[in-house]
Every structure is written in C-alpha cells, then in structure tokens.
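Listed below, chain by chain, are the residues.
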Amino acid sequence: MTAAHQITAGFMPLFDSAVLVAARELGFAAREGVELKLQRETSWANIRDRIAIGHFDVAHMLGPMPLACSLGLTPLASQTIVPFSLGLGGNCVTVSNAVWGGMAAHGAEPDLDPARAGAALGAFIRERAKAGRELLRFAVVHPHSGHNYELRYWLAACGIDPEREIEIVIVPPPFMADALATGRIDGYCVGEPWNSAAVAAGTGHIVTVKALLWKNSPEKVIGARKAWAEENPQALAALLRALHHSARWCQDAANRGDLASLMAEPRFLGQPSVIQMPVLTGHLHLGGGAKRTVEDFFVPFDKAANFPWKSHALWFYTQMVRWGDVAHTPENLAIARDCYRPDLYRAALKPLGVALPGANAKVEGALKAATPVGSAGASLVLGPDGFFDGQIFDPDEIDAYVASQKSGLHPA
C-alpha cells in the first residue's frame, strides 16, 4: 500500500533527533499515512543549505536557524517555519581536564552550578590573561544556534566578555569530543551524547548544563520550507500528529532502554547505549568520578515541549540582535515572530484532544515551579522556566529587553 504522503527529512546525529527517528522507525509516521525518509547529515550548514534548495521538505534544526534563514542571514536565504519543537534542554558545556583543573583552583565544584562555574572560569581566564597566555577556544555547533547564544548568555551574565576574553569557533557536533581530546579546542557547548562521550573517554569535564542555565528552554525544532508547508498542508499535519505520538513514546520511562538502543545504531548516533542513557535519565557523569542528577535535563514531550512558542523565537531574536547578527527593526521583529507557527501545531493536533496552551507566547523565566496553566483539551503543566541569573523575558517588552543588553554583558 502506497503512503498518502512522502516526506524527506534531514537530521543530525544528536540524541534530540530521537522524536523524528522514532516516528519513522517505530511506525508512528506510517500509521498517519506518511512515508518518512530520513537522511543523516554531518553539519548544520548542510542541513541549512539542503532544506533551502529543496533536498529536504523538513529537517531537525537548531531553534534559531529558521529565523536566520528567514532573516536572510544564511548563504541561501529561504523562508523556513517551525510548526513543532523536538524537545527542551539536552545541552551541556564541557571543558578539557586542564581547564577544569584551572577552574577548580578558583572555586569550581562538580555541582553544575552555572554561577559558581562561571565565576571560576572568569577567574581562570583573567589569570591566563595576566600571564600572557592565548585565549581559551570554545566551540559551538553553528553561529545561529541555541548553543552559541546560551554559551554567550552564561559567560556574559558571569562577567566574561565572549567577544574579547575567549575565542568561539564552529565545530560539527560529532567532532566535538575528538577536537577536545586533541587540544584543538578547550571547551564546547553541544547536545548529547557528545558531552558524555568526552567524559567516557576521560578527556572532558561537564561544568554546567542548559537545563540549569534556562530551565525547560527550547533547543531543536522541526524546520519546514514554508513553500512546501503551504503546498502540502495535509502532509504536514499528518507528520505533526506522528511526531506527537512519537514524542509521547520517547518521554515514557518504560521505553528508555529501547530508545537508547535505537539511537545507538550506526545509522543514527553510532555510540554505545550506555552513552545515550544520561540524556534520558538526567543522571550525568561529569568527569573525575563526579555524578549529578538534573531534573528535566531533556524533555521530549512533557510541559508543552513540542509547542512552538513565539516567545522562544523572540528570545532567540533578541540574542541575534545582542551579538550583532541582525539589526533590531520592526520588519525583522515581525519576521522572527512569524517564524514559529503554533497555529499549524494547533490545527494538526486539535482533533486528538491533546493539551494545547491557551496562548501563543509566554513570559519566559517567570515560573519558579511546575505550574498548571489554562489549556484546551487535557490538563497542561508548564515550567519551571527560570534563567539562572533571575532575568525575565517578556515578549511584549522586547525593546526594553534589547536595550538592556546592548552593552553585551549582563542586562541591567
């Protein structure tokens, strides 16, 4: 029997592609009449370019990347929309053992505390500068990535100027651990399993995690070519329903072993199942025998993890403005706001009677604890969503937020 819809999707070998992978491999897509063809890529630049030229209909994408495509910041600018989020959290900041030793000498503890780790890193950086040593080199996966913006946010909030006091370079996720091991970089921010891989190899130490920098914060999304989405609304809706069922399955603790085994296969991550478990359980090995359990380390379904909040898109936009990627204009703001499409998510999932938020945006950083909120359908719990430095992002007060960050360092 021929599937009603054929969809080609690109993905990167990261655990947060799991919802997309499971949708294909476990039959959720087929049950919605979708023949989902997955193509593994080696860099985010390839994902970006191949969706722009039509090789992919949709793709596993960095949260800010569709904004960059739509704002004309990419070599092949293309209108790209986000109808679905693939989960919350999942990233870490990992440093070499030598850098960790320097941080520990300045008070860092193996507890993942962002403020303590940042203060220690700042002291170590200043010690190195006084001795005339070269800048530490940190890697991120792409200029327009959550990794780049959250690394910069963390450093700046801790008094470190990411433009002048460190060097930031681009390295594809699968190469991060090897680049650290060979001394080409001193640290990196990346999704799992590439942090746990460095710890397992004995070459890296995890110093903090996205889930503590900004709790339950956005990470990867489904990016879709806007033209394709408009020409194939039924196909897109069917895919979103398949991804919804897949995400629910991925969240279920009873399925962790099966999911880890699936993602460990060479065609997906090619790393042992044991390396996949920390992202699923939040039980992290930090290095040097230290362990820490992080609540909501990676959330593939709960807490409206799949809802494409416009406030998430707009926070990414403020960071693009902050670091000089784009000018803050009414036109650019409108493009960013229109990039994430909760209307498409609602239309596809409403027939299932699932929990749908009552709003399209929310104040980010306001929820200090898990909080039931108004919703259509089933009950819905959001948060906590606090930033580690106590900042609040109100999407209705973007001008003030952007102005407070113009100095580059901590908002006023």
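Let me sum up the structure you'll find in this document. Keep in mind the model is a prediction, meaning the values are calculated, not measured. Residue numbers restart at each chain and count upward from 1, following the sequence in its written direction. Two thresholds apply to this predicted model, a pLDDT of at least 70 for residue-level local features and 80 or more for giving and counting side-chain atom pairs, whereas whole-chain, interface and lining totals are computed over all residues. As a convention, hydrogens and water are excluded, and side-chain values are obtained from all of the structure's heavy atoms.

Under the DSSP-based scheme used, a helix requires at least four consecutive residues in state H or I and a strand at least two consecutive residues in state E, with every element numbered from the N terminus. Secondary structure summary: the chain contains 18 helices and 18 strands in total. Structurally, the chain occupies a C-alpha span of about 70 × 45 × 40 Å along its principal axes. Each residue is placed in one exposure class: buried if its accessible area under a 1.4 Å probe, protein chains only, is under 20% of its type's maximum, exposed if it is over 50%, and partly exposed if it falls in between. Taking all 412 residues of the chain together, the buried fraction comes to 60%. The criterion used for residue contact is that any of the two residues' heavy atoms lie within 4.5 Å. A separation of at least 24 residues holds for 73% of the contacts in the chain among residues at least 6 apart in sequence. In this description, accessible areas are obtained by the Shrake-Rupley approach with a 1.4 Å probe, and a residue is regarded as covered only by the protein chains that are shown. Within the structure as shown, the chain displays about 15200 Å² of accessible surface, and the carbon and sulfur contribution to it stands at 51%. This count recognises Lys and Arg as positive and Asp and Glu as negative, with His and chain-terminal groups excluded. Taken as the charge centre is NZ of Lys, CZ of Arg, CG of Asp or CD of Glu, depending on the residue. Looking at the chain, you have 36 positive and 40 negative side-chain charges, and the mean spots of the two groups are 1 Å apart.

What follows concerns the sheet that holds strand β4 (residues 80-85). One bridge is not enough; two strands pair if DSSP finds at least two bridges between them. The 5 strands lie next to each other as β2-β1-β3-β11-β4, forming an open sheet whose pairing is mixed. Taken across any chain shown, the strands that pair with only one partner, and hence form the sheet edges, are β2 (34-40) and β4. Direction aside, neighbouring strands of the sheet carry axes that sit 35° apart on average. Examined bridge by bridge, β4 and strand β11 (residues 220-225) share 4 bridges and lie antiparallel to one another. Bridge pairing links Thr-80 to Arg-225 in β11. Axis lines are fitted through C-alpha atoms, for helices just across the contact stretch, and the angle between N-to-C directions can take any value from 0 to 180 degrees. Against the sheet, helix α3 (residues 44-52) makes contact with β1 (5-11), β2, β3 (58-62) and β11, and its axis sits at roughly 140° relative to β3, the strand it touches most.

At a minimum axis separation of 10 Å, helix α7 (residues 146-157) and helix α15 (residues 310-322) run at an interaxial angle of 70°. Put simply, α7 runs roughly perpendicular to α15. In the crossing of α7 with α15, the sense of the turn from one axis to the other is left-handed. Taken together, the residues of α15 that come into contact with α7 (itself represented by Gly-146, Tyr-149, Tyr-153 and Ala-156) are Trp-315, Phe-316, Gln-319, Met-320 and Arg-322. Split by residue class, the contact of α7 with α15 holds 6 nonpolar, 2 polar and 1 charged. For classification purposes, angles smaller than 35 degrees are called roughly parallel, those larger than 145 roughly antiparallel, those between 65 and 115 roughly perpendicular, and all remaining angles oblique. Whether a crossing is left-handed or right-handed is set by the direction in which the near helix is turned from the far one by less than a right angle, anticlockwise for left-handed and clockwise for right-handed. Following the grouping adopted for this structure description, the nonpolar residues are Ala, Val, Leu, Ile, Met, Phe, Trp, Tyr, Cys and Pro, the charged ones are Asp, Glu, Lys and Arg, and the polar ones are all others, Gly among them.

Moving on, we get to the environment of Ala-369. In this fold, Ala-369 is placed in the loop between β15 (356-357) and β16 (371-373). The exposure class of Ala-369 is partly exposed, given its relative accessible area of 42%. Discounting residues that sit within four places of it in the chain, Ala-369 has contacts with Leu-382, Gly-383 and Pro-384.

Right, let's talk about the environment of Ala-355 for a bit. Tracing the sequence through the fold places Ala-355 in the loop between α17 (342-349) and β15. On a C-alpha basis, the gap between Ala-355 and Leu-380 in space is 5.8 Å, while along the polypeptide they are 25 residues apart.

Here 5 strands make up an open sheet; going across it, the order is β8-β7-β9-β6-β10 and the pairing mixed. Sheet topology places β8 (166-170) and β10 (204-209) at the edges, where each strand pairs with a single neighbour. Going across the sheet, the axis of each strand differs from the next one's by a mean of 25°, ignoring polarity. Along the sheet, helix α5 (residues 97-104) makes contact with β6 (91-96), β7 (136-140) and β10, crossing β6 at roughly 90°. Its contacts with the sheet place α7 against β6, β7, β8, β9 (187-191) and β10, and it is angled at close to 130° to β9.

In this section: the pairing of β1. A large share of β1 lies buried, amounting to 6 of its 7 residues. Relative to β2, β1 runs parallel, the two sharing 7 bridges. Bridge pairing links Thr-8 to Lys-37 in β2. As paired strands, β1 and β3 are joined by 2 bridges and run parallel to one another. Note that in β3 the partner of Ala-9 across the bridge is Val-58.

Here the focus is the side chain of Arg-341. Counting through the fold element by element, Arg-341 comes out in the loop between α16 (330-339) and α17. For Arg-341, the side chain forms a polar contact with the side chain of Asp-343, separated by 2.9 Å. Counted as a polar contact is a pair of N or O atoms within 3.5 Å, where, for protein atoms, one must be capable of donating a hydrogen and the other of accepting one, and residues adjacent in sequence contribute only when both atoms are in side chains.

Another point: the pattern of salt bridges. Any carboxyl oxygen of Asp or Glu within 4 Å of a side-chain nitrogen of Lys or Arg constitutes a salt bridge here. Inspection of the entire model under this criterion finds 19 salt bridges. A network of salt bridges, in which partner residues are shared, links Asp-16, Glu-150, Lys-210, Glu-219 and Lys-220.

With that out of the way, let us pick up the nonpolar core. Side chains that are nonpolar tend, in soluble globular proteins, to be buried together. In these notes, a set of buried Ala, Val, Leu, Ile, Met, Phe, Trp, Tyr and Cys residues joined through side-chain atoms within 4.5 Å is what counts as a nonpolar core. Counting 66 residues, the largest nonpolar core has Phe-15, Leu-36, Val-209, Leu-243 and Leu-259 as its most contacted members. If we ignore the near neighbours within four places in the chain, the residues touching Phe-15 are Glu-192, Pro-193, Leu-259, Met-263, Leu-269, Gln-276, Val-279, Leu-280 and Phe-298. Formed by 52 residues, the second largest nonpolar core is a distinct cluster that contains Leu-62, Met-176, Trp-323 and Phe-393.

Here we come to the packing of aromatic side chains. Working definition: a ring pair exists when centres of Phe, Tyr or Trp rings (six-membered ring for Trp) sit within 6.5 Å. Plane angles under 30 degrees give stacked, over 60 give edge-to-face, the rest tilted. Evaluated as defined, the whole model comprises 12 aromatic pairs. Through successive ring pairs, a cluster of aromatic residues spans Tyr-153, Trp-214, Trp-315, Phe-316 and Phe-387. Each ring is checked for a lysine NZ or an arginine CZ that lies within 6 Å of its centre and within 35 degrees of its normal; such an atom marks a charge sitting over the ring. Cation over ring: Arg-152 sits above Trp-323, and NZ or CZ is 5.1 Å from the ring centre.

Between Glu-192 and the following residue, Pro-193, the backbone shows a cis peptide bond with an omega angle of 15°. Residue placement: Pro-193 occurs in the loop between β9 and α9 (194-201). Residue Gly-383 is joined to Pro-384 through a cis peptide bond whose omega torsion reads 0°. When you line up the elements, Pro-384 lands in the loop between β18 (380-382) and α18 (398-404). Even without being a glycine, Leu-112 presents a positive backbone phi close to 70°. Judged by relative accessible area, which is 1%, Leu-112 ranks as buried. Despite not being glycine, Asp-296 shows a phi value in the positive range, around 55°. Assignment of secondary structure puts Asp-296 in the loop between β13 (290-293) and β14 (298-299).

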